[in-house]
2 protein chains.
Amino acid sequence: MHVIDAQALREFAAALLGAGGLQPDHAAEVAQVLVWADLRGVESHGVSRLPLYLRWLRTGEMNGAARPRVAFSLPALQVLDADAAPGAVSMKMAVAMATPMARDCGVGVVMVRGTTHTGALGAYTSALAGTGLVGIALAASGPNMFYHGAAAPGVSTAPLSIAVPRHGDGPIVFDMASGAIAFGRLQEARAQGHTLAAGSAADASGRPTTDAHDAVAPLPLGGPKGSGLALMIELVCSAMTGAQILAPALSSTDTPPRHRQNAMVLAFDLARTAPQSPDQAQAQVSALVDAIKSLPSSTGSPVLLPGERGGAESVRRAAHGIPLGARTAGMLADAAASLGIPVPWSPRPLHS
Amino acid sequence: MHVIDAQALREFAAALLGAGGLQPDHAAEVAQVLVWADLRGVESHGVSRLPLYLRWLRTGEMNGAARPRVAFSLPALQVLDADAAPGAVSMKMAVAMATPMARDCGVGVVMVRGTTHTGALGAYTSALAGTGLVGIALAASGPNMFYHGAAAPGVSTAPLSIAVPRHGDGPIVFDMASGAIAFGRLQEARAQGHTLAAGSAADASGRPTTDAHDAVAPLPLGGPKGSGLALMIELVCSAMTGAQILAPALSSTDTPPRHRQNAMVLAFDLARTAPQSPDQAQAQVSALVDAIKSLPSSTGSPVLLPGERGGAESVRRAAHGIPLGARTAGMLADAAASLGIPVPWSPRPLHS
């Protein structure tokens, strides 16, 4: 286990991506979003993704020289054609585009078309909430989750994030996927030989299983609710903007289609609608948060707000460094060696 | 069991509401939305709610002479102060207000403040989708669901609906609440002595129970996901617009606060963003729907789209009438007798 300073990890990630063919400003933006997730303890969306990103840069599935462009524009709705840019780059552009529309029109919506892995959506919604706006983000991807009642994956574990501004303590950031279990957790259970919770995943024939080795994909959260939500996210983010992902993937019988994601970023300037003043909205946010935290616990542990655990972890890791597991550190060391980049940790002898 | 023609049931519902003090145009709108739910087989959101609505009209919690007004306006965001109008009235106004904003700005958002029971959100999102727009609706209400990790109800079973237009077969309408089980189903299980599914509800001390008699409220869908979503819906629809519901309800120790709901209605004119033409978006919606319907079934039954069962039921019930259970029919007959309104069915002798 290595413990790395967040800034050193950002610079290392950016250097790897730059050496892998990504233009330097984009490399820095991707590194920032990956380390944002690592700070919060969401390793599945952190630097562990770098080997995959480097592979996509080699195959061209991620465009190292992307020039995203605005393809459609109305006062409160724009479409960003991402040119296969890294998800973090397109999503940050979407945040920047949605913000002035929200200030002028009350709401700003950006449909991001043809991007790649968008990562932790909370990074973008919390950026909006940090400026006083309400942020919502959705992302659509390829089929990696069972559709309710079907014996094969049909939808993605499409995520949804909502963030609300809060004075003092930073935004309240909610982030969920539509599966009963995260894909990363399924892989982790497989690697470690853990048993899965009942109803969280199914085997190749679509039968629920608790054996991580037999499990091929997550089952949807709450059956038809999770798969219905995931289907609607693809319909809204992909089909309605003419950028479908799932239908061609499901009908293709040979090579898997190239990796693509679509997303929707919404910003709302809601506080100014409060009858008294924006302060009234903030006071009511605080009152609700306090009331929830004051509910009697059913477990003996404190009642938690969305994102509260990750936020506290982020403060700790910013101060004390980010622990990197042996598997991730090993993969990154290999990638660094092949690209001629020094690793930001000193090699340690293995203790037997 | 009585089977009533949909139009006769609408007229009966409107007559009851009118006699109960609701202005005639509003009575007709509420009746239409209640029967929309009954047609789809969602009895919990249908005319079974009329006794409650009539009680609210008597207490003033629902305003029979409401004059909703636009309290805030930007090009793509408006606030409708509902003046305690019936939810159906305010939500239909919100649909009408959101539509031209979506045509002009690409998106139109209406925050509905201080309304009452909004009913089946799919009625409003499908109305938007019927005109070619994507519709989304959220609603916030009082605490009737456990917050994850808490031993007391802290949030509502806040619903979310998304509808997408589709050529020919009518919109695809998704409608979910954030609880593991609907409140109405919990009451039904109690009335019929059924056992609850594990993890769907908890008793007065917050412990999960499968005994419907011990269960006081639903547990959230997927633990922190369902309660987090419900909390964010209250933050967005209520706190951010200065119209909080949950915080005062949770801090009040004596009388339950008067019934109020807040909601958000979003309309998006997305099809015009498709690179080729709006027809491209429609073709991609159809392609995805076909691909999902063609997935191999894991149950032997057809794979269903969101809202597909309710849509088919609606066609059947429009042709053959709406069955009313004995309990609902009895309550409505009592209400009709006290208001001097004839019931639209002939009394039948009870068979012993």
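Residues numbered from 1 in each chain as written. Chains lettered and ligands numbered in written order. Predicted model: local features only at pLDDT ≥ 70, side-chain atom pairs only at ≥ 80, totals over all residues. Heavy atoms only, no water.

1. As for the packing of helix α1 (residues 6-19) of chain A against helix α3 (residues 50-59) of chain A
All names here are of chain A. Two elements in contact, α1 and α3, have axes separated by 9 Å at closest approach and are oriented at 20 degrees. Taken together, α1 and α3 sit at an angle that is classed as roughly parallel. Here the hand of the crossing between α1 and α3 comes out right-handed. Along its contact with α1, which presents A13, L16 and L17, the element α3 presents L50, Y53, L54 and L57. Among the residues making up the contact of α1 with α3, the classes are represented as seven nonpolar, no polar and no charged. (Axes fitted to C-alpha atoms, helices over the stretch in contact; angles between N-to-C directions. Helix = DSSP H or I, 4+ residues; strand = E, 2+ residues; numbered from the N terminus. Parallel < 35°, antiparallel > 145°, perpendicular 65-115°, else oblique. Left-handed = near helix turned anticlockwise from the far one by under 90°. Contact = heavy atoms within 4.5 Å. Nonpolar A, V, L, I, M, F, W, Y, C, P; charged D, E, K, R; others polar.)

2. Topic: the domain arrangement of chain A
Residues and elements named next belong to chain A. Domain boundaries assigned for chain A yield domain 1 (1-65 + 321-352) and domain 2 (66-179 + 223-319). A C-alpha centroid distance of 24 Å is found between domain 1 and domain 2. Listed as interface residues are 26 residues of domain 1 and, on the opposing side, 29 residues of domain 2. Summed over both sides, the interface of domain 1 with domain 2 buries roughly 2300 Å², with 56% coming from carbon and sulfur. On the domain 1 side of the interface with domain 2, the three residues burying the most area are W36, R40 and E61, jointly 26% of the side's total. (Domains from an automatic or database assignment. Buried area = accessible area lost by both parts, 1.4 Å probe.)

3. Examining empty space enclosed by the protein
A complete count under the given rule lists two cavities of 30 Å³ or more for this structure. In this structure, the largest cavity occupies an estimated 220 Å³ of space. Surrounding the largest cavity, 17 residues form its lining, I136, L138 and L160 of chain A together with I136 and L160 of chain B being those nearest its centre. Those elements that provide at least two residues to the lining of the largest cavity are β5 (134-140), β8 (159-164), α7 (224-237) and β12 (261-268) of chain A together with β5 (134-140), β8 (159-164), α7 (224-237) and β12 (261-268) of chain B. When residues of the lining of the largest cavity are assigned to their parent elements, the largest contribution, three residues, is made by β12 of chain B. (1 Å grid on protein atoms, 1.4 Å probe; cavity = no way out; pocket = protein on both sides within 12 Å on 5 of 7 lines; lining within 4 Å. Points joined across faces, edges and corners; volume = space filled by probe spheres on them.)

4. Overview of the relation of the copies chain B and chain A
Screw-axis analysis of chain B against chain A gives a translation of 0.0 Å along the axis, an RMSD of 0.0 Å, and a rotation angle of 180 degrees. The two molecules are tied by a two-fold rotation axis, judged by turn and shift. (Least-squares fit on C-alpha atoms with pLDDT ≥ 70 in both.)

5. Details of the pattern of salt bridges
Residues and elements named next belong to chain A. For the coordinates displayed, the defined rule picks out 16 salt bridges over all chains. For the salt bridge of R317 with E43, the shortest nitrogen-to-oxygen distance reads 3.2 Å. In this pair, R317 sits in helix α10 (residues 308-320) while E43 sits in the loop between α2 (24-39) and α3, placing the two residues 274 residues apart along the sequence. Judged by its relative accessible area of 36%, E43 is partly exposed. Two residues, D81 and R113, come together in a salt bridge whose shortest N-O distance is 2.9 Å. Here R113 lies in strand β4 (residues 107-115) and D81 lies in strand β3 (residues 77-81), a separation of 32 residues in the sequence. A residue is classified by how much of its surface remains accessible, and R113, at 7% relative accessible area, is buried. (Salt bridge = Lys/Arg side-chain N within 4 Å of Asp/Glu carboxyl O. Buried < 20%, exposed > 50% of the residue type's maximum accessible area, 1.4 Å probe, protein only.)

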